[in-house]
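Fold and geometry: a report
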Amino acid sequence: MLRRHFLTLTTALVAGAWLTACASPQYLQLSPERTAEVPKAGSGQQVSVAAVDARESEVIGTRAGGSMSTAQITVNSHELVPRLQAEAERAVREMGFNPTSSPVQNAPSLTLELASLHYGQGDSGQPLVDEARIEAVFRAIAQNRGTTYTGTYTSRRTQGYAIKPGEATNTRMINDLLSDGMNRAFSDPELAQLLAR
């Protein structure tokens, strides 16, 4: 009898811990990194570089797929933008330009804009398997001598799981997604060509 009560209590505690883990919020600290080669076009020209977070909300979705506030996944702008800024400056430097974070009169400029970042729940169609569907959209805006070029770069990923991803897994997935988006943006030869005019 005592053993049955112990097992019931243990089961209840495990279930409660599992539900709490599923419903707890996540604050992802991201460090995406561009890995793709960039086109070499510059010869030391100064380029003004800015990274901008244009998302409507820092909340990118929920772990439960619904609107439960306790299960929200958040990516804070003030933590992400400096990382995007550093990666944008590094890309511009490797293109052959001299990046600066200050606006420079009559100099070309490049703005890397995170337009959206979304974490949603998909339908895997398989029993006991759920899906996380994530999407990031970057815009890169190059301006030089009255001409503007805007490129839009979308990265998507679908990840199946039997147990909802923890914070470390979600951090890794979002980092990979944003890294892919930056790879697409900075590999665009038209950006470098316009900056080099």
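One structure accompanies this document, and this report is about it. (Residues numbered from 1 in each chain as written. Predicted model: local features only at pLDDT ≥ 70, side-chain atom pairs only at ≥ 80, totals over all residues. Heavy atoms only, no water.)

1. Some points on unusual backbone geometry
Where we set the bar: Each helix is a run of DSSP H or I of at least 4 residues and each strand a run of E of at least 2, with the numbering of both proceeding from the N terminus. Here's how the labels work: a residue is buried when its accessible area is under 20% of the maximum for its type, exposed when over 50%, partly exposed in between, all with a 1.4 Å probe on protein chains only.
For Asn106, which is not glycine, the phi torsion reads 65° and is therefore positive. Positionally, Asn106 belongs in the loop between β5 (98-100) and β6 (109-122). A relative accessible area of 76% places Asn106 in the exposed class. In this model, Arg145 sits at a positive phi of 50°, which is unusual for a non-glycine residue. Relative to the assigned elements, Arg145 resides in the loop between β7 (130-144) and β8 (147-161). For Arg145, a relative accessible area of 71% puts it in the exposed group.

2. Here we look at the pairing of β8
Across a regular strand the side chains alternate sides, sitting on one face of the sheet and then on the other. What counts is decided by this rule: A pair of strands is considered paired only if DSSP assigns at least 2 bridges between the two.
Relative to β8, β7 runs antiparallel, the two sharing 15 bridges. Following the sheet pairing, Ala142 is matched in β8 by Tyr149. In this structure, the hairpin formed by β7 and β8 is closed by a connection of two residues, where Arg145 is found at a positive phi of approximately 50°.

3. Overview of the packing of helix α2 (residues 77-94) against helix α3 (residues 167-186)
Keep this limit in mind: Angles run from 0 to 180 degrees between N-to-C directions of axes, and those axes are lines fitted to C-alpha atoms, restricted for helices to the stretch in contact. Rotating anticlockwise by less than a right angle from the far helix to the near helix defines a left-handed crossing, while the corresponding clockwise rotation defines a right-handed one. The contact criterion used throughout is that any non-hydrogen atoms of two residues lie within 4.5 Å. Each residue gets one label: Ala, Val, Leu, Ile, Met, Phe, Trp, Tyr, Cys and Pro are nonpolar, Asp, Glu, Lys and Arg are charged, and the others, such as Gly, are polar.
At their nearest, the axes of α2 and α3 sit 11 Å apart, and the two run at 35° to each other. Handedness of the α2/α3 crossing: right-handed. Residues Leu80, Leu84, Glu87, Ala88 and Ala91 of α2 pack against Leu178, Met182 and Phe186 of α3. The residue inventory of the contact of α2 with α3, partitioned by class, reads seven nonpolar, no polar and one charged.

4. As for the pattern of salt bridges
Going by this rule: Should a side-chain nitrogen of Lys or Arg be within 4 Å of a carboxyl oxygen of Asp or Glu, the pair is scored as a salt bridge.
As enumerated under the stated definition, the model contains 11 salt bridges in all. Linking Glu113 and Arg139 is a salt bridge whose minimum nitrogen-to-oxygen distance equals 2.5 Å. Linking Glu113 in strand β6 with Arg139 in strand β7, this pair joins segments that are 26 residues apart in sequence.

5. Concerning α2
What counts is decided by this rule: An expected span of 1.5 Å times one less than the residue number is assigned to each helix.
In a regular helix each residue adds 1.5 Å, so 18 residues correspond to 26 Å; α2 covers 25 Å between its end C-alpha atoms and thus fits that length. Every buried residue belonging to α2 is among Ser77, Leu80, Val81, Leu84, Gln85, Glu87, Ala88, Glu89, Ala91 and Val92, and all of these are buried. Among the structural elements, β2 (46-53), β5, β6, β7 and α3 are those in contact with the buried residues of α2. Downstream of α2 by one or two residues, Gly96 has phi in the positive range, about 110°.

6. Considering the environment of Asp188
Here is the rule we go by: Polar contacts here mean pairs of N or O atoms no more than 3.5 Å apart (in protein, one a potential hydrogen donor and the other a potential acceptor; neighbouring residues in sequence count only if both atoms are side-chain atoms).
Relative to the elements of secondary structure, Asp188 occurs in the loop between α3 and α4 (189-195). Beyond its immediate stretch of four places on either side in the chain, Asp188 contacts Pro39, Tyr149 and Tyr153. Side-chain polar atoms of Asp188 contact the side chain of Tyr153, separated by 2.7 Å.

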